[in-house]
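# Understanding the architecture of this molecule
Here are the chains, one letter per residue:
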Amino acid sequence: MEDDASVAFRRTSTRSRKVATKMVAALASSDNRTQAALARLEALENDNGGVETVEINDDDEASLDDDEEAYIQKKQSLSMKRKTRQGKARENARKTPRTFLELVHEANLEAFPPHVPNYLRAAVGPPSVTSRRHFCTVCGFTANYTCVRCGVRFCCIRCQKIHNDTRCLKFVA
Amino acid sequence: MLSTVIVLDNGGGTIKIGVGGDRNPTLITPNATAKPPLSLSKKLLTSDEILSSDPTSLSLRRPIDRGYLLNPDLQRDIWAHLFRTLPLPSPHVSSLLLTHPLFSLSSSPLFELVFEDFNFRSLYISDSPSLVHLYEASRNPNGVVSRTQCSLVVDCGFSFTHCAPVFQNFTLNYGVKRLDLGGKVLTNYLKELVSYRTINVMDETLIMDDVKERLCFVSLDGPRDLQIARKPGKDNLFKCTYVLPDGIIHTKGFVKDINEAQRYQTLYDGEPNSTTSKEKDIDPTDDAEDSEEDRRKGDPTKNEFNLTNERFLVPEMIFRPADLGMNQAGLAECIVRSVNSCHPLLHPVLYESIILTGGSTLFPHFAERLEKELRPLVPDDYDVKITTQEDPVLGVWRGGSLLASSPDFETMCATKAEYEEHGSARCSRRFFQ
């Protein structure tokens with residue numbers, strides 16, 4: 001976001017840039033712990049369990065109802081009749097799996113003049129009055145200690161043991 | 001010629017769809033497709049079929065990520081399914097009123113969907129805060145909202161939370177502040193906590209959604225409640241057990257003891273409720289089992305788990321996102337910043353007309369907590385008044401239904417002819433700044 005001004009007004013290519021989420025995190029900071037925190041926040045936006053990769057076009061095994069299939073087919077053939085540039089662009093877009101980060105990147109929000117509100121500027125900034133409270137990742141109570149290896153919090157030696165045995169360094173690549 | 005209007009609140013979590021002018025939508029359904037685990041069935045479940053099927057281990061695909069349409073193909077499949085199964089007027093003889101998140105990222109797939117795939121006659125795109133404002137203003141014609149034509153809509157939904165000032169039915173986009181926290185993150189956070197501490201429920205998104213809706217609440221005094229949650233046995237007012245579905249007798253999960261789950265209410269009622277203390281006497285066996293050791297564990301063979309501090313630490317994140325590691329201010333500060341970016345003359349009115357909407361505001365004590373956090377941040381001579389909606393999930397849809405039944409709705413729409421003439425770029429300029 002805080003790139004030099006020349007970047008803002010340069011025309012960027014329409015080709016979508018694919019960057020793995022882990023790479024984005026790695027680029028944003030070289031610090032392992034920050035990286036781990038980012039990966040965790042990213043994981044919280046997943047639709048399903050675990051740290052997953054976005055799977056596209058895995059519907060081949062699963063099938064819709066037959067009549068539903070026909071409905072969509074009909075719709076598609078209707079829209080495909082018109083060979084417009086938009087239609088072609090859509091065909092292209094269909095092939096590339098898109099993530100939210102790519103979507104934001106493609107919208108090219110940095111190029112907006114500074115007084116125009118947009119998605120990035122609408123984000124509420126960092127908190128001003130309150131500081132972060134820490135909760136034990138094992139039991140949830142107030143945590144006073146930090147794991148020296150991965151920076152995760154715990155409250156007592158019992159929780160530390162559990163933490164070390166189970167998920168120390170979980171989100172660090 | 002007056003045509004029917006289909007009102008479609010296309011949320012990240014649920015679709016609310018119905019005919020304009022009605023009080024309630026025809027259907028509220030998940031905006032997703034689901035695939036059962038491979039071993040069971042290969043049929044893909046679409047939207048409303050998810051609700052009627054066994055929720056265990058369904059893997060969901062949602063067309064919307066962080067509030068924005070990411071997968072138009074999937075969205076088309078879901079809409080096609082809805083228009084085919086629901087008793088709605090056919091798309092090519094009706095107009096569509098569609099909700100869209102503030103600040104469009106790319107709207108062209110939306111126009112293609114509406115006009116090329118579904119052949120709607122015309123389209124109106126609206127942002128949700130102005131619809132909520134419209135609904136509130138009409139519901140209470142003598143209230144502050146309708147007299148000043150001004151409100152601050154706090155929409156805490158599935159994908160994110162927005163604080164948006166609305167003035168004369170227009171959302172002031174320079175005053176909008178977004179908090180990247182919504183129901184989805186909260187569910188995933190709860191999932192993460194439970195999976196680590198008791199049973200692995202990482203694949204049970206739908207079940208954990210249900211757990212969150214039934215058991216989570218907003219704490220009015222965090223440190224005190226943490227102390228209470230530490231206590232063993234029946235002094236612990238927060239401990240409760242949720243039983244997972246087994247697929248044979250119970251196809252839906254349920255709370256094992258409703259009274260046990262409601263015990264925390266005694267903290268807020270002032271004096272201990274007589275019914276709850278009676279309940280405590282009835283089942284002493286349950287409490288006797290609890291030693292300090294297995295208090296947290298539940299019984300893995302019985303497929304149930306206990307919740308204690310998770311119940312209020314999860315919604316707590318809306319008020320303190322920093323605790324989760326996000327570099328964002330809490331909801332109260334979000335409101336203050338949103339108001340401060342408006343004209344100073346609007347400040348007192350905005351603070352007096354805060355409207356809470358969106359599914360995540362359904363947590364018990366949400367409004368009280370917000371008022372408690374907001375009051376110290378607002379200048380003393382301004383009143384703070386928080387209005388809750390009777391049905392926050394439907395607030396946006398009902399506003400849309402009102403707008404659709406207004407006489408000059410047709411003139412505000414972009415028609416199919418316009419789209420074919422000018423393309424999506426010109427049409428989207430009509431609706432987005």
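Residues numbered from 1 in each chain as written. Chains lettered and ligands numbered in written order. Predicted model: local features only at pLDDT ≥ 70, side-chain atom pairs only at ≥ 80, totals over all residues. Heavy atoms only, no water.

Looking at an unreviewed UniProt entry, chain B carries the name Actin-related protein 6, with the source organism given as Spinacia oleracea. Under the UniProt heading Sequence similarities (unreviewed entry), the note attached to chain B is "Belongs to the actin family." (UniProt positions renumbered as here; feature names shortened; annotations may be inferred.)

If you look chain A up in an unreviewed UniProt entry, it shows as SWR1 complex subunit 6 from Spinacia oleracea.

### Here we look at the domain arrangement of chain B
Residue and element names in this part refer to chain B. The assigned domain composition of chain B is domain 1 (4-127 + 394-428), domain 2 (130-181 + 326-388) and domain 3 (183-324). Buried area between domain 1 and domain 3, summed over both chains or domains, comes out near 810 Å², and the portion from carbon and sulfur atoms is 53%. Taken together, domain 1 and domain 3 are joined by one salt bridge. Our enumeration of links across domain 1 and domain 3 arrives at two residue pairs in polar contact (both at pLDDT 80 or more). Every element with two or more residues in the side of domain 1 that touches domain 3 is listed here: helix H1 (48-52) and strand E7 (64-65). Classifying every residue of the side of domain 1 that touches domain 3 gives six nonpolar, three polar and three charged. (Domains from an automatic or database assignment. Buried area = accessible area lost by both parts, 1.4 Å probe. Salt bridge = Lys/Arg side-chain N within 4 Å of Asp/Glu carboxyl O. Polar contact = N/O pair within 3.5 Å; in protein donor to acceptor, adjacent residues only side chain to side chain. Helix = DSSP H or I, 4+ residues; strand = E, 2+ residues; numbered from the N terminus. Nonpolar A, V, L, I, M, F, W, Y, C, P; charged D, E, K, R; others polar.)

### Quick notes on the packing of aromatic side chains
Any pair of aromatic rings gets described here by the distance separating the centres and the angle formed by the planes. Tallied over the full model, the rule gives 19 aromatic pairs over all chains. Ring centres of Phe 217 of chain B and Phe 312 of chain B lie 5.9 Å apart, and the angle between their planes is 45°; on these two criteria the pair is classed as tilted. Here Phe 312 of chain B lies in helix H13 (residues 310-319) and Phe 217 of chain B lies in the loop between helix H7 (205-215) and helix H8 (222-230), a separation of 95 residues in the sequence. The structure contains a cluster of three or more aromatic residues connected by ring pairs, namely Phe 100 and Tyr 119 of chain A together with Tyr 68 and Phe 160 of chain B. Between Arg 178 of chain B and the ring centre of Tyr 119 of chain A, over which it is positioned, the NZ or CZ distance is 3.7 Å. The residue whose ring lies beneath Arg 230 of chain B is Phe 141 of chain A, and the NZ or CZ to ring-centre distance is 4.5 Å. (Phe/Tyr/Trp six-rings, centres within 6.5 Å; stacked < 30°, edge-to-face > 60°. Lys NZ or Arg CZ within 6 Å of the ring centre and 35° of its normal.)

### With respect to the packing of helix H14 (residues 331-340) of chain B against helix H16 (residues 366-374) of chain B
All names here are of chain B. Relative orientation of the contacting elements H14 and H16 amounts to 60°, with a least axis distance of 9 Å. Classified by the angle their axes make, H14 and H16 are oblique. With respect to the hand of their crossing, H14 and H16 are arranged in right-handed fashion. The segment H14 lies against H16, with Leu 331, Ala 332, Ile 335 and Val 336 engaging Phe 366, Leu 370, Glu 373 and Leu 374. Among the residues making up the contact of H14 with H16, the classes are represented as seven nonpolar, no polar and one charged. (Axes fitted to C-alpha atoms, helices over the stretch in contact; angles between N-to-C directions. Parallel < 35°, antiparallel > 145°, perpendicular 65-115°, else oblique. Left-handed = near helix turned anticlockwise from the far one by under 90°. Contact = heavy atoms within 4.5 Å.)

### Considering the pairing of strand E9 (residues 94-100) of chain B
Residue and element names in this part refer to chain B. Of all the seven residues making up E9, seven are buried; the element is thus mostly covered by neighbouring parts of the structure. Burial along E9 is two-sided: Ser 94, Leu 96, Leu 98 and His 100 and Ser 95, Leu 97 and Thr 99, pointing in opposite directions, are all buried. By the bridge criterion, five bridges tie strand E1 (residues 4-10) to E9 in an arrangement that is parallel. Bridge pairing in E9 links Ile 6 to Leu 96. Examined bridge by bridge, E9 and strand E10 (residues 122-127) share six bridges and lie parallel to one another. Counterpart to Leu 96 in the pairing with E10 is Leu 123. With helix H3 (residues 108-117) bridging E9 and its parallel neighbour E10, the resulting β-α-β unit is right-handed. (Buried < 20%, exposed > 50% of the residue type's maximum accessible area, 1.4 Å probe, protein only. Pairing = 2+ DSSP bridges. Right-handed = clockwise from strand over helix to strand, strands pointing away.)

### Let's talk about the side chain of Thr 266 of chain B
By the secondary structure assignment, Thr 266 of chain B is in helix H10 (residues 266-269). At 2.7 Å, the side chain of Thr 266 of chain B forms a polar contact with the backbone oxygen of Arg 263 of chain B.

### Quick look at the nonpolar core
All names here are of chain B. Judged by nonpolar contacts, the single largest core of 85 residues is most densely connected at Val 211, Phe 305, Leu 324, Leu 331, Ile 335 and Phe 366. Among the elements that line this core, the one with the most residues is helix H6 (residues 183-197), at seven residues. Two domains each put at least three residues into this core: domain 2 (130-181 + 326-388) and domain 3 (183-324). Counting 50 residues, the second-largest nonpolar core is a separate cluster that includes Leu 69, Ile 355, Val 396 and Cys 427. (Core = buried A, V, L, I, M, F, W, Y, C linked by side-chain atoms within 4.5 Å.)

### What about the sheet that holds strand E2 (residues 14-19) of chain B?
Residue and element names in this part refer to chain B. On the basis of which strands lie adjacent, the open sheet formed by six strands has the order E3-E2-E1-E9-E10-E20 and mixed pairing. At either end of the open sheet lies a strand with only one pairing partner, and these are strand E3 (27-30) and strand E20 (414-415). One ladder, built from two bridges, connects E10 with E20; its direction is antiparallel. Following the sheet pairing, Leu 123 is matched in E20 by Ala 414. Sitting on the sheet, helix H2 (residues 72-85) touches E1, E2, E3 and E9, and the angle it makes with E2 is about 40°. On top of the sheet, helix H4 (residues 128-139) reaches E9 and E10; it is set at about 85° to E10, its chief contact.

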